[in-house]
Amino acid sequence: MAETAIRLPQKRFYRQRAHSNPISDHSIAYPVNPDELDQETSTNHPTWKELYPEIGDRKVEFGDFGCGYGGFLISLGETYPDKISIGMEIRVKVSDYVKDRIESLRALYPDKYQNVACLRSNSMKYMVNYFHKAQLSKMFFLFPDPHFKKSKHKWRIINPSLLSEYAYVLKKEGLLYVVTDVKDLYDWMTSHLSAHPSFERLKEDEEKSDILHDKLLNSSEEAQKVERNQGSKFLAIFKRV
(Lines give C-alpha, C1' and ligand atoms only; values in the text may rest on other atoms or scores of the structure.)
Protein backbone atom coordinates (compact mmCIF):
# COMPACT_ATOMS: atom_id res chain seq x y z
CA MET A 1 0.00 0.00 0.00
CA ALA A 2 1.33 3.42 -0.89
CA GLU A 3 2.40 5.54 2.03
CA THR A 4 0.06 8.35 0.96
CA ALA A 5 -2.92 5.99 1.33
CA ILE A 6 -2.20 5.36 5.01
CA ARG A 7 -3.70 7.84 7.42
CA LEU A 8 -3.03 8.23 11.11
CA PRO A 9 -6.27 8.17 13.13
CA GLN A 10 -7.84 11.51 14.03
CA LYS A 11 -8.37 12.00 17.72
CA ARG A 12 -11.63 13.88 17.21
CA PHE A 13 -13.31 10.63 16.20
CA TYR A 14 -12.27 8.91 19.44
CA ARG A 15 -13.38 11.45 22.02
CA GLN A 16 -14.47 10.15 25.40
CA ARG A 17 -15.02 11.63 28.84
CA ALA A 18 -11.79 12.29 30.67
CA HIS A 19 -12.50 10.14 33.72
CA SER A 20 -13.56 6.56 34.30
CA ASN A 21 -14.49 4.87 37.55
CA PRO A 22 -11.76 2.24 38.11
CA ILE A 23 -13.78 0.49 40.81
CA SER A 24 -16.84 -0.29 38.69
CA ASP A 25 -17.21 -3.58 36.84
CA HIS A 26 -16.14 -2.77 33.30
CA SER A 27 -16.59 -5.41 30.63
CA ILE A 28 -12.93 -6.36 30.27
CA ALA A 29 -11.48 -9.70 29.22
CA TYR A 30 -8.28 -10.38 31.14
CA PRO A 31 -5.96 -13.36 31.59
CA VAL A 32 -6.30 -15.63 34.60
CA ASN A 33 -2.53 -15.49 35.04
CA PRO A 34 0.50 -14.14 33.12
CA ASP A 35 1.26 -17.54 31.59
CA GLU A 36 -1.82 -17.21 29.37
CA LEU A 37 -0.23 -14.25 27.61
CA ASP A 38 2.78 -16.35 26.63
CA GLN A 39 0.61 -18.65 24.53
CA GLU A 40 0.35 -18.34 20.76
CA THR A 41 -3.35 -17.41 20.80
CA SER A 42 -6.24 -16.97 23.22
CA THR A 43 -9.99 -16.86 22.68
CA ASN A 44 -10.61 -14.26 25.40
CA HIS A 45 -7.80 -11.71 25.10
CA PRO A 46 -4.79 -10.92 22.93
CA THR A 47 -1.52 -12.67 23.72
CA TRP A 48 1.90 -11.03 23.63
CA LYS A 49 2.61 -12.79 20.32
CA GLU A 50 -0.55 -11.32 18.80
CA LEU A 51 0.25 -7.84 20.08
CA TYR A 52 3.91 -8.01 19.07
CA PRO A 53 4.37 -10.37 16.09
CA GLU A 54 8.15 -9.90 16.26
CA ILE A 55 8.53 -10.30 20.04
CA GLY A 56 10.36 -13.64 19.81
CA ASP A 57 11.70 -14.66 23.21
CA ARG A 58 11.65 -11.14 24.61
CA LYS A 59 9.35 -10.08 27.44
CA VAL A 60 7.38 -6.92 28.05
CA GLU A 61 9.58 -4.77 30.28
CA PHE A 62 7.99 -1.30 30.27
CA GLY A 63 4.42 -0.44 31.24
CA ASP A 64 2.60 2.88 30.71
CA PHE A 65 -0.48 2.62 32.89
CA GLY A 66 -3.29 4.96 31.92
CA CYS A 67 -1.48 5.67 28.65
CA GLY A 68 -4.16 8.06 27.34
CA TYR A 69 -3.79 8.78 23.63
CA GLY A 70 -0.36 7.15 23.51
CA GLY A 71 1.98 10.08 22.96
CA PHE A 72 4.46 9.03 25.63
CA LEU A 73 4.10 5.33 24.74
CA ILE A 74 5.13 6.04 21.14
CA SER A 75 8.06 8.15 22.35
CA LEU A 76 9.07 5.37 24.73
CA GLY A 77 9.18 2.86 21.87
CA GLU A 78 11.33 5.23 19.82
CA THR A 79 13.74 5.84 22.70
CA TYR A 80 14.13 2.14 23.51
CA PRO A 81 13.76 0.29 20.18
CA ASP A 82 15.03 -2.97 21.70
CA LYS A 83 12.60 -2.96 24.63
CA ILE A 84 8.95 -4.07 24.60
CA SER A 85 6.49 -1.51 25.99
CA ILE A 86 2.80 -1.94 26.73
CA GLY A 87 0.27 0.82 27.25
CA MET A 88 -2.85 0.11 29.31
CA GLU A 89 -5.92 2.32 29.12
CA ILE A 90 -9.36 1.72 30.65
CA ARG A 91 -11.38 3.96 28.29
CA VAL A 92 -12.69 2.10 25.24
CA LYS A 93 -12.46 4.80 22.58
CA VAL A 94 -9.12 6.08 23.83
CA SER A 95 -7.54 2.62 23.78
CA ASP A 96 -9.02 2.06 20.31
CA TYR A 97 -7.32 5.25 19.15
CA VAL A 98 -3.92 4.10 20.44
CA LYS A 99 -4.33 0.68 18.81
CA ASP A 100 -5.25 2.26 15.47
CA ARG A 101 -2.41 4.76 15.82
CA ILE A 102 0.14 2.00 16.33
CA GLU A 103 -1.30 -0.04 13.46
CA SER A 104 -0.98 2.96 11.13
CA LEU A 105 2.56 3.73 12.29
CA ARG A 106 3.60 0.12 11.70
CA ALA A 107 2.16 0.30 8.18
CA LEU A 108 3.93 3.59 7.48
CA TYR A 109 7.24 2.50 9.02
CA PRO A 110 7.51 -1.31 8.81
CA ASP A 111 10.83 -1.38 10.64
CA LYS A 112 9.56 0.61 13.62
CA TYR A 113 6.88 0.52 16.31
CA GLN A 114 6.82 -3.29 16.49
CA ASN A 115 7.84 -2.90 20.14
CA VAL A 116 4.78 -0.95 21.35
CA ALA A 117 1.15 -2.03 21.80
CA CYS A 118 -1.94 -1.05 23.74
CA LEU A 119 -4.42 -3.07 25.78
CA ARG A 120 -7.74 -1.97 27.16
CA SER A 121 -7.64 -3.05 30.77
CA ASN A 122 -7.93 -1.93 34.37
CA SER A 123 -4.43 -2.10 35.77
CA MET A 124 -5.68 -1.23 39.26
CA LYS A 125 -7.60 -4.52 39.34
CA TYR A 126 -5.64 -6.85 37.09
CA MET A 127 -1.97 -5.85 37.26
CA VAL A 128 -0.73 -9.21 38.54
CA ASN A 129 -2.82 -11.05 35.94
CA TYR A 130 -0.57 -9.64 33.21
CA PHE A 131 2.95 -9.65 34.62
CA HIS A 132 5.16 -12.19 36.32
CA LYS A 133 7.02 -11.35 39.50
CA ALA A 134 9.87 -8.89 38.79
CA GLN A 135 9.05 -8.81 35.06
CA LEU A 136 8.96 -5.04 34.59
CA SER A 137 11.91 -2.70 34.75
CA LYS A 138 9.99 0.56 34.26
CA MET A 139 6.46 1.56 35.28
CA PHE A 140 4.90 4.89 34.31
CA PHE A 141 1.92 6.66 35.88
CA LEU A 142 1.66 9.93 34.00
CA PHE A 143 -1.02 12.51 34.77
CA PRO A 144 -3.33 10.04 36.52
CA ASP A 145 -6.86 11.02 37.46
CA PRO A 146 -6.55 13.08 40.67
CA HIS A 147 -9.96 12.07 42.09
CA PHE A 148 -10.12 15.25 44.12
CA LYS A 149 -12.88 14.28 46.54
CA LYS A 150 -11.53 12.71 49.71
CA SER A 151 -14.10 9.92 49.47
CA LYS A 152 -12.60 8.95 46.11
CA HIS A 153 -8.94 8.99 47.10
CA LYS A 154 -9.13 5.18 47.15
CA TRP A 155 -9.62 5.39 43.37
CA ARG A 156 -6.19 6.97 42.90
CA ILE A 157 -3.91 4.61 41.01
CA ILE A 158 -1.07 5.31 43.44
CA ASN A 159 -2.44 4.31 46.81
CA PRO A 160 -1.23 2.22 49.77
CA SER A 161 -3.29 -0.85 48.88
CA LEU A 162 -1.74 -1.17 45.40
CA LEU A 163 1.91 -0.33 45.96
CA SER A 164 2.82 -3.85 47.04
CA GLU A 165 1.39 -5.18 43.77
CA TYR A 166 3.51 -2.71 41.84
CA ALA A 167 6.54 -3.77 43.86
CA TYR A 168 5.74 -7.41 43.03
CA VAL A 169 5.84 -6.92 39.23
CA LEU A 170 8.77 -4.47 39.27
CA LYS A 171 12.25 -5.98 39.35
CA LYS A 172 14.87 -4.92 41.88
CA GLU A 173 16.48 -1.62 40.84
CA GLY A 174 13.53 -1.08 38.48
CA LEU A 175 12.04 2.42 38.30
CA LEU A 176 8.54 3.74 38.92
CA TYR A 177 7.76 7.18 37.45
CA VAL A 178 4.96 9.56 38.44
CA VAL A 179 4.09 12.88 36.80
CA THR A 180 1.15 15.18 37.51
CA ASP A 181 0.10 18.80 37.24
CA VAL A 182 -1.80 18.61 40.55
CA LYS A 183 0.38 19.49 43.54
CA ASP A 184 -1.95 17.82 46.05
CA LEU A 185 -1.83 14.58 44.08
CA TYR A 186 1.95 14.84 43.72
CA ASP A 187 2.30 15.16 47.51
CA TRP A 188 -0.06 12.20 47.98
CA MET A 189 1.81 9.94 45.56
CA THR A 190 5.30 10.80 46.75
CA SER A 191 4.38 10.49 50.42
CA HIS A 192 2.86 7.03 50.01
CA LEU A 193 5.67 5.80 47.80
CA SER A 194 8.29 7.16 50.21
CA ALA A 195 6.55 5.43 53.11
CA HIS A 196 6.52 2.04 51.38
CA PRO A 197 9.50 -0.18 52.25
CA SER A 198 9.94 -1.37 48.65
CA PHE A 199 10.49 2.07 47.14
CA GLU A 200 13.17 4.71 47.48
CA ARG A 201 13.09 8.04 45.70
CA LEU A 202 15.99 8.98 43.44
CA LYS A 203 17.93 12.12 44.17
CA GLU A 204 17.02 15.21 42.18
CA ASP A 205 20.15 15.08 40.03
CA GLU A 206 19.47 11.41 39.23
CA GLU A 207 15.93 12.26 38.17
CA LYS A 208 17.12 15.06 35.92
CA SER A 209 19.77 12.87 34.31
CA ASP A 210 17.26 10.16 33.37
CA ILE A 211 17.09 9.89 29.57
CA LEU A 212 13.29 10.09 29.75
CA HIS A 213 13.13 13.18 31.97
CA ASP A 214 12.12 15.68 29.29
CA LYS A 215 9.86 13.21 27.47
CA LEU A 216 7.98 12.51 30.69
CA LEU A 217 7.20 16.21 30.97
CA ASN A 218 6.50 16.94 27.32
CA SER A 219 5.63 13.99 25.06
CA SER A 220 2.18 12.93 26.29
CA GLU A 221 -0.95 14.71 25.09
CA GLU A 222 -1.82 15.61 28.68
CA ALA A 223 1.63 17.14 29.23
CA GLN A 224 1.21 19.24 26.10
CA LYS A 225 -2.20 20.38 27.29
CA VAL A 226 -0.72 21.48 30.62
CA GLU A 227 2.02 23.31 28.70
CA ARG A 228 -0.53 25.17 26.56
CA ASN A 229 -2.38 26.19 29.71
CA GLN A 230 0.91 27.29 31.30
CA GLY A 231 0.42 24.91 34.21
CA SER A 232 3.00 23.34 36.49
CA LYS A 233 4.28 19.78 36.18
CA PHE A 234 5.66 17.66 39.01
CA LEU A 235 7.83 14.58 38.49
CA ALA A 236 9.26 11.96 40.80
CA ILE A 237 11.13 8.70 40.18
CA PHE A 238 11.28 5.85 42.67
CA LYS A 239 13.59 2.83 42.66
CA ARG A 240 12.50 -0.65 43.64
CA VAL A 241 14.73 -1.68 46.55
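The rules behind the values
Residues numbered from 1 in each chain as written. Predicted model: local features only at pLDDT ≥ 70, side-chain atom pairs only at ≥ 80, totals over all residues. Heavy atoms only, no water. Core = buried A, V, L, I, M, F, W, Y, C linked by side-chain atoms within 4.5 Å. Buried < 20%, exposed > 50% of the residue type's maximum accessible area, 1.4 Å probe, protein only. Helix = DSSP H or I, 4+ residues; strand = E, 2+ residues; numbered from the N terminus. Contact = heavy atoms within 4.5 Å. Pairing = 2+ DSSP bridges. Right-handed = clockwise from strand over helix to strand, strands pointing away. Salt bridge = Lys/Arg side-chain N within 4 Å of Asp/Glu carboxyl O. Axes fitted to C-alpha atoms, helices over the stretch in contact; angles between N-to-C directions. Parallel < 35°, antiparallel > 145°, perpendicular 65-115°, else oblique. Left-handed = near helix turned anticlockwise from the far one by under 90°. Nonpolar A, V, L, I, M, F, W, Y, C, P; charged D, E, K, R; others polar.

Draft legend 1. Region of the structure containing the nonpolar core. The biggest cluster of nonpolar side chains holds 40 residues, and the ones touching the most others in it are W48, F131, M139, I158, Y166 and L176. With five residues, the single largest contributor to this core is helix α5 (residues 160-169). When sequence neighbours within four positions are dropped, the list of residues in contact with L176 reads M139, F141, I158, Y166, L170, L193, F199, A236, I237 and F238.

Draft legend 2. Spatial organisation of the pairing of strand β1 (residues 60-65). Counting buried residues along β1, six of its six residues qualify, which places the element largely inside the surrounding structure. Alignment of β1 against strand β2 (residues 84-89), held across five bridges, turns out to be parallel. Looking at β2, one finds that G63 is bridged to I86. Assessed by its sense of winding, the connection that carries the chain from β1 through helix α2 (residues 71-79) to β2 is right-handed. Where β1 meets strand β4 (residues 136-142), three bridges bridge the pair, whose relative direction is parallel. Bridging across to β4, G63 finds its partner in M139.

Draft legend 3. Spotlight on the pattern of salt bridges. Applying the stated criterion across every chain yields a total of 11 salt bridges. For K83, the salt bridge goes to E61, with nearest N and O atoms at 3.4 Å. Of the two residues, K83 is situated in the loop between α2 and β2 and E61 in strand β1; the sequence distance between them amounts to 22 residues. Residue classification places K83 among the partly exposed positions, given a relative accessible area of 30%.

Draft legend 4. Fine view of the packing of helix α4 (residues 123-130) against α5. Here α4 crosses α5 at 25 degrees, and the two axes come no closer than 10 Å. When the axes of α4 and α5 are compared, the pair comes out roughly parallel. Relative to α5, the crossing made by α4 is left-handed. Between α4, through M124, M127 and V128, and α5, the contact on the second element is made entirely by L162, E165, Y166, Y168 and V169. Counted by class, the contact of α4 with α5 contains seven nonpolar, no polar and one charged residues.

Draft legend 5. Region of interest: the pairing of strand β7 (residues 234-240). Most of β7 is tucked away: five of the seven residues are buried. Summarising the sheet, strand β5 (residues 170-180) and β7 pair through six bridges and their orientation is antiparallel. Bridge pairing in β7 links V178 to A236. Looking at chain direction, strand β6 (residues 199-201) and β7 are connected through three bridges and run antiparallel. The residue of β7 that forms the bridge with R201 is F238.

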